[in-house]
Amino acid sequence: MNSTSPTERVDVLRRIASVITVPLGALASLSTIAIMVAITVDVVVRNLGGRSVPGLLEMSESALVATVFLGLAYAGATNAHVAVDLLTAALRPAVARVLIGIAWLGAVAVSVWFLVATLQRALQSTAANELRQGLVDWPVWPARWLIVIGFAAFLLVAVINVVLIVRGQPLLGEDDVDPDLAATQQARTASPPADPAAVRGDDHSTHHRPEEGSR
């Protein structure tokens, strides 16, 4: 009977997060490029012909949804999300780790709430064949499913990070730190500050003040 070691189980979790979040991050990047191209084409056509291209505005709105929500999980898995470490940086590592774990546990709870709400809305939108009326009738329900996918993937990342904290392992993305940069920062922190007098080349042992009685 084969048993899986804790390290192997952690590696499996990291691979699962990578397999799911990397394609979603790539799709989010492609959606950003699509928005840029659509806006550029629309501006050029409007300046030359005096009218917008039908459907480009609506397509850009759906692509924006993909950019935001499909990129959530990738940002969480690569530790690229916005974080304010003013408090945790001033605490002991063990205490800071507990606070970070509580934050990710809160992210799990909020993600479940958002996932349930957006799933219900996506089901309703699909059943009603929700459309956005403009220059063209653009279907809205596919974009609502992108929101559901984004929150589901982010929920998985949050759960994995909670498991990693409980096991005392680095969070997703923390193991991707540049080793040269980490070594430089560690050396800078460990080395004592240079003596200003030594930097200036002052040698107090070679300078003798004249005695008061010799004046």
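These numbers come from a predicted model, not from an experiment. Position numbers for residues start from 1 in each chain and track the written sequence from start to end. Only residues with pLDDT of at least 70 get local features here, since the model is predicted, and only at 80 or more are side-chain atom pairs given and counted; chain-wide, interface and lining totals rely on the full set of residues. Values reported for side chains reflect all heavy atoms of the structure, with hydrogen atoms and water molecules removed beforehand.

**Details of the overall build of the chain**
Step number 1: For the chain, the helix and strand inventory stands at six helices and two strands.
Step number 2: The secondary structure listing takes helices from DSSP runs of H or I that are at least 4 residues long and strands from runs of E that are at least 2 residues long, numbered from the N terminus. Reading the chain from its N terminus to its C terminus gives the helix and strand order α-α-α-β-β-α-α-α.
Step number 3: The buried share of the chain, taken over its 215 residues, is 25%.
Step number 4: Taking the intrachain contacts of the chain between residues at least 6 apart in sequence as the baseline, contacts between residues at least 24 apart amount to 72%.
Step number 5: Note on areas: these come from Shrake-Rupley sampling with a 1.4 Å probe, and a residue is covered only by the protein chains present in the view. For the chain, the exposed area adds up to about 14700 Å²; of that, 65% sits on carbon and sulfur atoms. Each residue gets one of three labels from its accessible area relative to the maximum for its type: buried under 20%, exposed over 50%, partly exposed in between, using a 1.4 Å probe on protein chains only. We call two residues in contact whenever any of their non-hydrogen atoms come within 4.5 Å of each other.

**Considering unusual backbone geometry**
Step number 1: Even without being a glycine, Asn 79 presents a positive backbone phi close to 60°.
Step number 2: Take Asn 79: it is sitting in the loop between helix 2 (56-77) and helix 3 (93-128).
Step number 3: Overall, the relative accessible area of 37% leaves Asn 79 in the partly exposed class.
Step number 4: Of note, Asn 129 is a non-glycine position whose phi angle comes to about 50°, a positive value.

**A look at the packing of helix 2 against helix 4 (residues 141-166)**
Step number 1: Where helices are involved, their axes are fitted lines through C-alpha atoms of the stretch in contact, as for all axes, and angles between N-to-C directions lie from 0 to 180°. Contact geometry for helix 2 and helix 4: axes closest at 8 Å, N-to-C directions at 10°. Here helix 2 is positioned roughly parallel relative to helix 4, judged by the angle of their axes. Judged by residue contacts, Ser 62, Val 65, Ala 66, Phe 69, Leu 70, Leu 72, Ala 73, Gly 76 and Ala 77 of helix 2 engage Ala 143, Leu 146, Ile 147, Ile 149, Gly 150, Phe 151, Ala 153, Phe 154, Val 157 and Asn 161 from helix 4. Each angle receives one of four descriptions, namely roughly parallel if under 35 degrees, roughly antiparallel if over 145, roughly perpendicular if within 65 to 115, and oblique otherwise.

**What about the side chain of Ser 125?**
Step number 1: Structurally, Ser 125 is set in helix 3.
Step number 2: For Ser 125, a relative accessible area of 1% corresponds to the buried category.

**With respect to the packing of helix 3 against helix 4**
Step number 1: Their axes nearest at 8 Å, the elements helix 3 and helix 4 cross at an angle of 160°. It follows that helix 3 is roughly antiparallel to helix 4 by the angle criterion. The handedness of the crossing between helix 3 and helix 4 comes out as left-handed. Crossing handedness is defined as follows: a turn of the near helix away from the far one that is anticlockwise and smaller than a right angle gives a left-handed crossing, while the clockwise case is right-handed.

**Things to note about the confidence of the model for the chain**
Step number 1: Confidence of the prediction at every residue is given by pLDDT, a number between 0 and 100. On average, the chain scores 80 in pLDDT, and the residues at 70 or more come to 79%.
Step number 2: When the elements of the chain are averaged for pLDDT, helix 5 (residues 179-190) gives the smallest value, 46, and helix 4 the largest, 93.
Step number 3: Contacts from residues 196-200, a stretch scored under 50 in pLDDT, to residues over four places away or in other chains number three contacts.
Step number 4: Below a pLDDT of 50 lies the segment residues 203-215, which in the model reaches one contact outside its immediate sequence neighbourhood of four places, other chains included.

**Considering the environment of Asp 137**
Step number 1: Locating Asp 137 in the fold gives a position in strand 2 (residues 137-139).
Step number 2: Accessibility expressed as a relative area gives 51% for Asp 137, which makes it exposed.
Step number 3: Here the alpha-carbon distance between Asp 137 and Glu 58, two residues 79 residues apart in the chain, equals 8.7 Å.
Step number 4: Discounting residues that sit within four places of it in the chain, Asp 137 has contacts with Leu 131 and Arg 132.

**Brief notes about helix 2**
Step number 1: For helix 2, spanning 22 residues, the distance from its first C-alpha to its last is 32 Å, which sits close to the expected 32 Å at 1.5 Å a residue.
Step number 2: Along its length, helix 2 shows its largest kink, about 35°, at Gly 71.
Step number 3: Regarding helix 2, the residues found buried are Leu 56, Glu 58, Ser 60, Ser 62, Ala 63, Ala 66, Leu 70, Gly 71, Ala 73, Gly 76 and Ala 77.
Step number 4: In the stretch just after helix 2, Asn 79 is the one whose phi turns positive, near 60°. Expected span of a helix, by definition, is 1.5 Å for each gap between consecutive residues, and there is one gap fewer than residues. Bending is quantified residue by residue as the angle between axes fitted to the seven-residue window ending at that residue and the seven-residue window starting at it.

**Details of helix 3**
Step number 1: With 36 residues, helix 3 should reach 52 Å at 1.5 Å per residue; the first-to-last C-alpha distance of 51 Å fits that figure.
Step number 2: Those residues of helix 3 that sit buried are Ala 96, Gly 101, Trp 104, Ala 107, Val 108, Ser 111, Leu 115, Thr 118, Ala 122 and Ser 125.

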